[in-house]
Amino acid sequence: MEARLQKILAQWGIASRREAEEMIKDSRVQINGILAHLGQKVDPEKDAIAIDGKPVPKKHRPALIYLLLHKPAGVVSTCYDPHRRPTVLDLLPKELREGSGIHPVGRLDADSTGALILTNDGELTFGLTHPRHSISKTYRVLVKGYPPEAVLQMWRQGVMLEGRKTRAAKVQLIERCAEQSVLEIVLQEGRNRQIRRIAQQLGYPVIKLHRTAIGSIQLQTSKEPFLDEGKYRSLKDHEIHFLQKQIMQPIKDSAELRSVSSHEMAKKEE
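From a predicted model like this one, the values you see are computed outputs, not experimental measurements. (Residues numbered from 1 in each chain as written. Predicted model: local features only at pLDDT ≥ 70, side-chain atom pairs only at ≥ 80, totals over all residues. Heavy atoms only, no water.)

Colleague: Help me out: how do you make sense of the overall build of the chain in this one?
Modeller: A tally of helices and strands in the chain yields nine helices and 17 strands. Each of the 270 residues in the chain was classed as buried or not, and the buried ones make up 50%. Restricting the contact set of the chain to residue pairs at least 6 apart, pairs at least 24 apart contribute 67%. Accessible surface computed for the chain: about 14,200 Å², of which carbon and sulfur atoms make up 51%. (Helix = DSSP H or I, 4+ residues; strand = E, 2+ residues; numbered from the N terminus. Buried < 20%, exposed > 50% of the residue type's maximum accessible area, 1.4 Å probe, protein only. Contact = heavy atoms within 4.5 Å. Areas by Shrake-Rupley, 256 points an atom, 1.4 Å probe, with all protein chains shown as cover.)

Colleague: Mind showing me how you'd approach the side chain of Ser77 here?
Modeller: With respect to the helices and strands, the residue Ser77 is situated in the loop between β7 (66–71) and α3 (94–97). For Ser77, a relative accessible area of 5% puts it in the buried group. Discounting residues that sit within four places of it in the chain, Ser77 has contacts with Lys71, Val88, Pro104, Gly106, Arg107, Leu108 and Leu116.

Colleague: Could you clarify how one ought to interpret unusual backbone geometry in this entry?
Modeller: Across residues other than glycine, the phi torsion is negative in most instances, and most of the peptide bonds are trans. Phi angles above zero are rare outside glycine, and Glu162 is one such case at about 50°. Residue Glu162 is classed as exposed on the basis of its relative accessible area, which comes to 67%. Here Arg193, not a glycine, exhibits a phi torsion of approximately 50°, which is positive. Note on Arg193: relative accessible area 32%, which makes it partly exposed.

Colleague: What is the right way to read the pattern of salt bridges from this model?
Modeller: Pairs may arise between side chains of opposite charge once their charged atoms sit close together. All chains considered together, the criterion is met by nine salt bridges. Notably, a salt bridge pairs Arg196 with Asp109, separated by 3.1 Å at the nearest N-O pair. Residue Arg196 is found in helix α6 (residues 194–202), and its partner Asp109 is found in the loop between β8 (103–104) and β9 (113–119); the two are separated by 87 residues along the sequence. Via salt bridges that share partners, Asp109, Arg193 and Arg196 belong to a single interconnected network. (Salt bridge = Lys/Arg side-chain N within 4 Å of Asp/Glu carboxyl O.)

Colleague: What should I look at first to understand helix α5 (residues 149–157) in this one?
Modeller: One turn of the α-helix equals 3.6 residues, which is why residues spaced by three or four share an orientation. Where α5 is concerned, the buried positions are Val151, Leu152, Trp155 and Arg156. What you see down the axis of α5 is that its buried residues fit within an arc of 145°, all on one side. Opposite the packed face of α5, turned more than 90 degrees from it, sit the exposed residues Ala150 and Gln157. Positive backbone phi, at 115°, marks Gly158, one or two positions downstream of α5. (Arc of directions from axis to C-beta.)

Colleague: Which parts of the structure should I look at to understand the sheet that holds strand β6 (residues 54–55)?
Modeller: Note on sheets: strands pair through backbone hydrogen bonds, and any given pair is parallel or antiparallel. Across the sheet, four strands lie side by side as β3-β2-β5-β6; this open sheet has antiparallel pairing. Bordering the open sheet on either side are β3 (34–35) and β6, each of which pairs with just one other strand. Pairing geometry for strand β2 (residues 29–31) and β3, over two bridges, is antiparallel. Counted as the bridge partner of Gln30 is Leu35 from β3. (Pairing = 2+ DSSP bridges.)

Colleague: Looking at this structure, how should I read the nonpolar core?
Modeller: It is characteristic of soluble globular proteins that their nonpolar side chains tend to be buried jointly. Ranked by size, the top nonpolar core spans 21 residues in total, and within it Val141, Trp155, Ile185 and Ile195 carry the most contacts. Elements represented by at least two residues in this core include exactly β10 (137–144), α5, β14 (180–187), α6 and β15 (206–214). (Core = buried A, V, L, I, M, F, W, Y, C linked by side-chain atoms within 4.5 Å.)

Colleague: Explain α6 to me, please; I cannot follow it from the model alone.
Modeller: Taken together, the buried positions of α6 are occupied by Gln194, Ile195, Arg196, Ile198, Ala199 and Leu202. Check the buried side of α6 and you find it contacts β10, α5, β11 (160–161), β14 and β15. Just downstream of α6, Gly203 is the residue with a positive phi angle, here 95°.

No statement about biological role is implied by the geometric values presented.
This is the structure:
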């Protein structure tokens, strides 16, 4: 049966759908010896697919993998880094990182730490990173100074970034330290370096940023041992079902979503 090429590559666990689109744009994919084009439909039973000149064998979809990783600082949330910085895949054993098509879902910037999902389910990745879905993400953030309640309320209501107001957020003061404050922030969106940019704009720059949860999926629970930095665990069935349920949710605000550019979508972090 014919299907779009990027969807097949995602289903086979070769890359996420977005990564597959980039591979096609970069002229890395050939169909029957001819360079593929974006949106092209192919029949995997009849057409010969090659990536970087190497044939992709006809095979069934590989076993799906769903992991929760505690990302350390200094590690980038990509499968490959041209600057040769360590990537999240370097934290996995060889049998997981090679040949499985596993990749991070969304990003945490290199300086941030905490919860990151990795999978080879390209369809799930596409759904979870699409701007029409709004899975909450919880952060513990150390900022410089003591933001007053008026500033926190401004943050909660939304702040203008690049001409567009951020969605309402939950922002709570957890603790005051020596010349620093600890905040808990819950976002329903993931614009590029959003928390860091807002904190800087409001005059309370981020010192440390740590993601503690993605929806109901937490790094630390009463039933699970603490997940050390650089370590990972398999998601539980109920956590996988939670993610799958999220991408089935209807669009909440079509007017707002139309304002989200494809460039912003591709750069989603934090």
